[in-house]
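Observations on the model geometry
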Amino acid sequence: MGEIVTVTLNAALDVTYEVEALVPNATHRVTAVHHRAGGKGVNVARVLATLGAEVVATGLAGGSTGARITADLATAGVPARFAPVAGDSRRTVTVVADGDATIFNEPGPVVSPKEWREFCALFWELCRDARVVVLSGSLPPGIVPGAYAELVTGARALGARVLLDADGEALGLGVAAGPEIVKPNAAELERVAGPGPAEQAASRLLGAGAAAVVVSRGADGLLAVTPGGSWSARPSRRLPGNPTGAGDAVAAALARALLHPGPIDWSPVLADAVALSAAAVLSPVAGTVDPAVYLALSQET
């Protein structure tokens with residue numbers, strides 16, 4: 001079992017197209033195409049496995065697409081135990097052009113109450129050996145918005161520290177269950193905490209139950225807000241590439257920080273997360289980092 005468990009309830013087969021430029025209503029010649037297992041928690045697990053962490057990826061997967069997801073993780077050497085569903089897992093299409101990405105996300109399979117109960121049984125089993133749990137990404141149809149809150153509560157009861165990276169009502173309800181870290185991006189933060197300066201909005205999430213809030217702000221870097229103060233870090237320079245998995249690399253860095261008992265030393269942790277995120281941007285597909293690039297960027301931060 002892994003010290004870190006990552007959960008991807010809406011796992012996907014990620015299809016990434018590289019094109020010279022993205023032009024609406026035009027025909028495009030694809031210069032490169034990549035297929036691989038994805039979803040936010042899967043991406044987190046890939047990064048952690050690359051860095052040598054003891055991690056296991058779990059979630060829901062079904063149909064021929066689900067089989068490709070689990071097979072790809074096995075080929076990549078990422079330990080995984082997914083609960084099966086009858087429906088076919090979703091695909092996502094990312095078009096990378098001009099240093100940015102356009103993403104098309106399918107909704108995912110409808111999950112039955114029985115399938116959810118079977119996943120929960122697997123999750124509780126994995127949590128018994130876990131020190132950190134990462135809950136990431138969207139919920140597939142059929143799973144209630146309070147699902148993350150249920151998983152946060154159960155994982156914490158079994159002694160794990162929890163990082164939650166979600167959106168909308170699922171994030172709002174999950175915060176109330178008291179995860180150690182909540183990691184929204186700026187848009188997700190505004191949707192759940194309302195408009196206004198990021199630090200003020202993050203403070204409202206602290207009041208709702210989170211122990212710490214780390215906000216991903218793209219080229220502006222990261223902002224961490226806790227009851228004891230706030231910290232920020234930003235990349236030394238803007239890097240072109242595919243930003244799709246940058247936030248998942250941040251979550252991987254934060255998960256590693258949660259492995260250490262006691263309070264988090266936020267300045268070095270955020271600097272590490274910024275470097276790992278930047279290394280992810282330089283990789284062509286989400287969930288990939290080059291350790292040598294990560295080391296070089298760490299020395300710049």
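Criteria and thresholds
- Residues numbered from 1 in each chain as written.
- Predicted model: local features only at pLDDT ≥ 70, side-chain atom pairs only at ≥ 80, totals over all residues.
- Heavy atoms only, no water.
- Buried < 20%, exposed > 50% of the residue type's maximum accessible area, 1.4 Å probe, protein only.
- Helix = DSSP H or I, 4+ residues; strand = E, 2+ residues; numbered from the N terminus.
- Arc of directions from axis to C-beta.
- Contact = heavy atoms within 4.5 Å.
- Polar contact = N/O pair within 3.5 Å; in protein donor to acceptor, adjacent residues only side chain to side chain.
- Lys, Arg positive; Asp, Glu negative; His and termini not counted.
- Salt bridge = Lys/Arg side-chain N within 4 Å of Asp/Glu carboxyl O.
- Axes fitted to C-alpha atoms, helices over the stretch in contact; angles between N-to-C directions.
- Left-handed = near helix turned anticlockwise from the far one by under 90°.
- Nonpolar A, V, L, I, M, F, W, Y, C, P; charged D, E, K, R; others polar.
- Core = buried A, V, L, I, M, F, W, Y, C linked by side-chain atoms within 4.5 Å.
- Pairing = 2+ DSSP bridges.
- Expected span 1.5 Å × (residues − 1).

Among all positions in helix 6 (residues 186–193), only Glu-188, Leu-189 and Ala-193 are buried. Within helix 6, the buried residues cover an arc of 105° as seen down the axis, which keeps them to one side. Buried residues along helix 6 sit against strand 9 (161–165), helix 5 (168–175), helix 7 (198–208) and strand 11 (213–216). In this structure Asn-185 caps helix 6, since a side-chain oxygen of it lies 3.1 Å from the backbone nitrogen of Ala-187.

On to the side chain of Asp-14. Positionally, Asp-14 belongs in strand 2 (residues 12–18). For the buried Asp-14, no salt bridge is present, and the opposite-charge side chain at shortest range is Arg-90, 6.2 Å distant. One polar contact links Asp-14 to Thr-92, side chain to side chain, over a distance of 2.4 Å. Filtering out sequence-adjacent residues up to four positions away, Asp-14 remains in contact with His-34, His-35, Arg-36, Gly-38, Gly-39, Asn-43 and Thr-92.

Between helix 8 (residues 246–258) and helix 9 (residues 266–281), the shortest axis-to-axis distance is 8 Å and the interhelical angle comes to 145°. In this structure, helix 8 meets helix 9 at a crossing whose hand is right-handed. On the side of helix 8, the interface is formed by Ala-246, Ala-249, Val-250, Ala-252, Ala-253, Leu-254, Arg-256 and Ala-257, while helix 9 contributes Trp-266, Val-269, Asp-272, Ala-273, Leu-276, Ser-277, Ala-280 and Val-281. Of the residues contributing to the contact of helix 8 with helix 9, the split by class is 13 nonpolar, one polar and two charged.

By size, the foremost hydrophobic cluster in this structure holds 49 residues, and its most contacted members are Ile-4, Ile-181, Leu-254, Trp-266 and Leu-276. Among the secondary structure elements, those contributing two or more residues to this core are helix 1 (40–50), strand 4 (55–62), helix 2 (63–76), strand 8 (132–136), strand 12 (222–226), helix 8, helix 9 and helix 10 (291–300). Of all the elements, helix 9 adds the most residues to this core, at 10 residues. Not counting the four nearest positions on each side in its chain, Ile-181 is found in contact with Val-162, Leu-163, Leu-164, Ala-212, Val-214, Leu-254, Leu-258, Ile-264 and Trp-266. Core analysis: the second largest hydrophobic core is formed by 46 residues, Val-56, Ala-155, Ala-170 and Leu-206 among them.

Attention now goes to the sheet that holds strand 6 (residues 90–97). Pairing is mixed across the open sheet formed by four strands, whose spatial order is 3-2-6-7. Edge positions in the sheet fall to strand 3 (32–38) and strand 7 (100–105), since each of these pairs with one other strand and no more. Taking the axes of each pair of neighbouring strands and ignoring which way they run, one obtains an average angle of 20° across the sheet. Pairing geometry for strand 2 and strand 3, over seven bridges, is antiparallel. Note on strand 3: the bridge partner recorded for Leu-13 is Ala-37. Sitting on the sheet, helix 1 touches strand 2 and strand 3, and the angle it makes with strand 3 is about 95°.

A large share of strand 12 lies buried, amounting to five of its five residues. Burial of the side chains of strand 12 extends over both faces: Leu-222, Ala-224 and Thr-226 are buried on one face and Leu-223 and Val-225 on the other. In this sheet, strand 12 lies alongside strand 11 in antiparallel orientation, the contact comprising four bridges. Note that in strand 12 the partner of Ser-216 across the bridge is Leu-222.

Taking 1.5 Å of rise per residue, the 15 residues of helix 3 (residues 113–127) would be expected to cover 21 Å, and the 21 Å separating its terminal C-alpha atoms lies within 8% of that figure. Listed in full, the buried residues belonging to helix 3 are Glu-115, Trp-116, Phe-119, Cys-120, Leu-122, Phe-123, Leu-126 and Cys-127. For helix 3, the arc enclosing every buried residue in end-on projection is 165°, short of the 170-degree limit, so these residues lie on one face. In helix 3, the exposed positions angled more than 90 degrees off the buried face are occupied by Pro-113 and Arg-117. Elements in contact with the buried residues of helix 3: strand 1 (4–8), strand 4, strand 5 (80–85), strand 8 and helix 4 (147–157).

Moving on to the pattern of salt bridges. Counted according to the given criterion, the structure contains 12 salt bridges. Close ionic contact of Asp-272 with Arg-256 constitutes a salt bridge, the shortest N to O distance being 3.4 Å. Of this pair, Asp-272 sits in helix 9 while Arg-256 sits in helix 8, and the two are 16 residues apart along the sequence. Using a relative accessible area of 24% as the deciding quantity, one classes Arg-256 as partly exposed. When salt bridges that share partners are traced, they join Lys-40, Asp-165, Lys-183 and Asp-248 into one network.

Outside of glycine, negative phi angles account for most residues, and trans bonds account for most peptide bonds. One non-glycine residue, Asn-25, lies in the positive phi region at around 60°. Checked against the element boundaries, Asn-25 lands in the loop between strand 2 and strand 3.

Everything listed here is a matter of coordinates, which is why it stays silent on function.
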